[in-house]
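Coordinates in review
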Amino acid sequence: MAEHRIILKDVDVPNIQDIGVYTSRGGYKAAEKALKTMTPDEVIKEVQDSGLAGRGGAWFSTGTKWSFMPKEPKVPSYLCVNADESEPGTFKDRQLIEQNPHQLVEGTIIAAYAIRARAAYIYVRGEMAEGMRGLDRAIAQAYAKGYIGKNLFGKGYDLDLYTHPGAGAYICGEETGLMQSLEGKRAEPRVKPPFPAQRGIFGCPTTVNNVQTLSYVPHIIANGAAWFKGIGNPKYPGTFIFCISGHVKNPGLFEMELGTATMRQLIYDYAGGLRDGHELKAVIPGGASTLPMTPDQIDIVMSPDQFLLPGRGPFKGMFGTGGIIVMDETACVVDMLLNLMQFFAHESCGQCTPCREGAPWIRDVVKRIEHGQGKLGDIDLLLNVADNVAGLLSPRYSTICLFGPAFSYPTQGTILAFREEFEEHIRQGRCPIQKDKGIG
Ligand SMILES: Cc1cc2nc3c(=O)[nH]c(=O)nc-3n(C[C@H](O)[C@H](O)[C@H](O)COP(=O)(O)O)c2cc1C
């Protein structure tokens, strides 16, 4: 199966960031079509019929989410574009923003029109300064052409579009944390319900969508729902960008039809396989909060419906955000978990006790195991603490948002898959792995 580029198709076109080049390739024609020839509800139906599901991780139907927004808003409605992308191992939204900002701006205009939003905000992770500058330039160009602002395409629809920088906090990617931050508050996630469509930013109806999700929208409007629905897996149609990093020869982004490639093909046929003389030890399939997989599990077809979460498939693991991190035998999985838990303990917003206390507790126990001071019983202690935050792939979790499961699942998953390596650390009183720090 070859790569199928839809949203990455134009990333190498010289100066595609400029509105002249973008429009010369058909850019903004989909926005014109939507606004001139379709009602907002027709746009929602088209996107619903296409089967597009949110690429931010939950894989919820995009059109259905839009349909929850009020049809005759009594207060302003808003669209928030989630460009926070802080899941370790994931770097696709950054590329989409930097390489093709007008595609996202056009998708945002169409989505805003469909949900009858008065304004849209693109919430950009603070570190993505280059992407933010490119977006600001694209937005200014679109305003100058009349694609944003007053009376778009003569339809009497007004839209303002702003970028809003975050400060690089992981929790700002969680949609209610994002909204808190956008309002100038601490990014402490809110209890749901009320859901954003009922009560979002400034107490008004709001839809939050991921960058990748909205980048598909112009293509769906231009080519029709049936075209998109016919691509890849009928249950989760379309393509998905896999970001492959770690111990592979050819790391990078690969846009694939969902349900057509196995993890093995992604690693060996697309990412060039492992470094010569090395063998596969572990793979994180979809960003830091997903359960690591072992080499015997990599023949799984990469599609959400193959994984218990989010598609409830047969494989007890998580599909996640496409951030595939490949590790060979020179990686220590205890050290890997320590690295991730240092991140999660730092990023907990601190609002919920199980998360605020549990994440640093897990970090500290993993740290002593890695540093040769692990005690008998530490492994069960880790499982117990993690289980109290969120039982592995169970519907039970003890925190307001899914940050708790985001660190407790991989903790439990890493121990279940690699328990022997944890035990070996404790038995030997040191890390037994010959690490290769050469490639960082
Ligand atoms: C801890 C946490 C971090 C998240 N980070 C991101 C993120 O960086 N980008 C993103 O698009 N969604 C992120 N999400 C998911 C969002 O809450 C939300 O589901 C998504 O933006 C909705 O967009 P979609 O429907 O287009 O997928 C995160 C969720 C959690 C629980």
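Numbering of residues starts from 1 in every chain and runs along the sequence as written. Given that the model is predicted, a residue must reach a pLDDT of at least 70 before its local features are reported, and side-chain atom pairs must reach 80 or more before they are shown or counted; all residues, however, enter totals for whole chains, interfaces and linings. As a rule here, side-chain values cover all heavy atoms of the structure and leave hydrogens and water aside.

1. Thoughts on helix α14 (residues 353-370)
- Between its terminal C-alpha atoms α14 stretches 26 Å, which fits the 26 Å expected from 18 residues at 1.5 Å a residue.
- Among the residues of α14, Cys355, Gly358, Ala359, Ile362, Val365, Val366, Ile369 and Glu370 are the ones counted as buried. Relative to the axis of α14, the buried residues are bounded by an arc of 140° and lie together on one face.
- Along its buried surface, α14 packs onto α13 (333-347), α15 (378-389) and α16 (403-428).
- Backbone geometry just downstream of α14 places glycine 372 in the positive-phi region, at approximately 85°. Helix and strand definitions here come from DSSP, where helices need a minimum of 4 consecutive H or I residues and strands a minimum of 2 consecutive E residues; each element is numbered from the N-terminal end. To estimate how far a helix should extend, the number of its residues minus one is multiplied by 1.5 Å. Throughout, exposure labels follow a simple rule: accessible area from a 1.4 Å probe, protein chains only, divided by the maximum for the residue type, with under 20% read as buried, over 50% as exposed, and the rest as partly exposed. Note: the arc covers the axis-to-C-beta directions of the helix. Any two residues having at least one pair of non-hydrogen atoms within 4.5 Å are treated as being in contact.

2. Structural notes on the site of the ligand
- One heavy atom within 4 Å of a molecule or strand makes the whole residue count as near it. For the ligand, the set of nearby residues contains 17 residues, the closest of which are Gly56, Lys65, Asn82, Asn210 and Thr213.
- Polar contacts, as counted here, are pairs of nitrogen or oxygen atoms within 3.5 Å of one another; within protein the pair requires one atom able to donate a hydrogen and one able to accept it, and residues that are adjacent in sequence qualify only if both atoms are side-chain atoms. One of the side-chain N or O atoms of asparagine 82 is found 2.9 Å from an oxygen atom in the ligand.
- The protein chains hide 87% of the 620 Å² of surface that the ligand would expose on its own.
- A total of three residues in the shell around the ligand trace back to one element, the largest contributor, which is strand β5 (residues 206-210).
- Residues are grouped as follows: Ala, Val, Leu, Ile, Met, Phe, Trp, Tyr, Cys and Pro are nonpolar; Asp, Glu, Lys and Arg are charged; all remaining types, including Gly, are polar. Class assignment for the residues of the shell around the ligand results in three nonpolar, eight polar and six charged. Each accessible area is a Shrake-Rupley result for a 1.4 Å probe, and residues are judged covered by the shown protein chains and nothing else.

3. Concerning the sheet that holds strand β10 (residues 280-284)
- With respect to topology, four strands assemble into an open sheet ordered β9-β8-β12-β10, the strand pairing being mixed. In the strand order of this sheet, the two ends are held by β9 (252-257) and β10, each with one partner. The average undirected angle you get between the axes of adjacent strands in this sheet is 25°.
- Here strand β8 (residues 239-246) pairs with strand β12 (residues 323-328) via four bridges, running parallel. Note that in β12 the partner of serine 245 across the bridge is isoleucine 325.
- Contacts between helix α11 (residues 263-270) and the sheet are confined to β8, β9, β10 and β12, with β10 contributing the most and set at about 115° to the helix. Strands are labelled as partners when DSSP assigns at least two bridges between them. Angles run from 0 to 180 degrees between N-to-C directions of axes, and those axes are lines fitted to C-alpha atoms, restricted for helices to the stretch in contact.

4. Observations concerning the packing of aromatic side chains
- Planes of paired rings set the category: under 30 degrees apart is stacked, over 60 is edge-to-face and the rest tilted, where pairs are Phe, Tyr or Trp rings (Trp by its six-membered ring) whose centres lie within 6.5 Å. Tallying each qualifying case throughout the model produces 27 aromatic pairs.
- Both rings, one in tyrosine 170 and one in phenylalanine 344, keep their centres 5.8 Å apart while their planes meet at 75°; by these two values the pair is edge-to-face. Of this pair, tyrosine 170 sits in the loop between β4 (157-165) and α8 (175-182) while phenylalanine 344 sits in helix α13; the two residues are 174 residues apart in sequence, bridging distant segments of the chain.
- Phenylalanine 344 gets classed as buried once you look at its relative accessible area, which sits at 0%.
- Every member of this aromatic cluster is reached through a ring pair, and the members are Trp59, Tyr236, Phe240, Phe242, Phe307, Phe315 and Phe319.

5. Some points on the domain arrangement of the protein
- Domain start and stop points were drawn from an automatic or database domain assignment. Annotation of the protein at the domain level lists domain 1 (19-229), domain 2 (234-328) and domain 3 (333-428).
- If you average the C-alpha positions of domain 1 and of domain 2, the two centres end up 27 Å apart.
- Listed as interface residues are 21 residues of domain 1 and, on the opposing side, 25 residues of domain 2.
- Across the domain 1/domain 2 interface, buried area totals approximately 1,600 Å², and carbon plus sulfur atoms make up 65% of it.
- When a carboxyl oxygen of Asp or Glu lies within 4 Å of a side-chain nitrogen of Lys or Arg, that pair is called a salt bridge. Taken together, the links from domain 1 to domain 2 amount to zero salt bridges.
- The interface formed by domain 1 and domain 2 holds eight residue pairs in polar contact (both at pLDDT 80 or more) in total. Accessible area, probed at 1.4 Å, shrinks when two parts are joined; the buried area is that loss added up over both.

6. Focus on the environment of glutamine 95
- With respect to the helices, strands and loops of the structure, glutamine 95 is situated in helix α5 (residues 92-99).
- Considered as a pair, glutamine 95 and arginine 356 are 261 residues apart in the sequence and their alpha carbons are 32 Å apart.
- Other than its neighbours up to four places away in sequence, glutamine 95 contacts Asn100 and Leu253.

7. Concerning helix α3 (residues 40-50)
- Of the positions making up α3, those classed as buried are Pro40, Val43, Ile44, Val47 and Ser50. In a view along the axis of α3, the buried residues occupy a sector of 130°, so they form one face of it.
- In this structure, the buried residues of α3 make contact with α2 (29-37), α4 (62-67), α6 (101-114), α9 (211-223), α10 (225-229) and β7 (236-237).
- In the stretch just after α3, glycine 51 is the one whose phi turns positive, near 85°.

8. With respect to the nonpolar core
- We call a set of buried residues a nonpolar core when its members are Ala, Val, Leu, Ile, Met, Phe, Trp, Tyr or Cys and they connect through side-chain atoms within 4.5 Å of each other. By size, the foremost hydrophobic cluster in this structure holds 63 residues, and its most contacted members are Tyr28, Val43, Trp66, Leu79, Val105, Ile109 and Ile122.
- For this core, the leading source of residues is α6, giving eight residues.
- With residues up to four places along the chain from it excluded, the contact list for leucine 79 reads Thr108, Ala111, Ala112, Ile115, Ala117, Ala119, Ala120, Tyr121, Thr207, Asn209 and Leu214.

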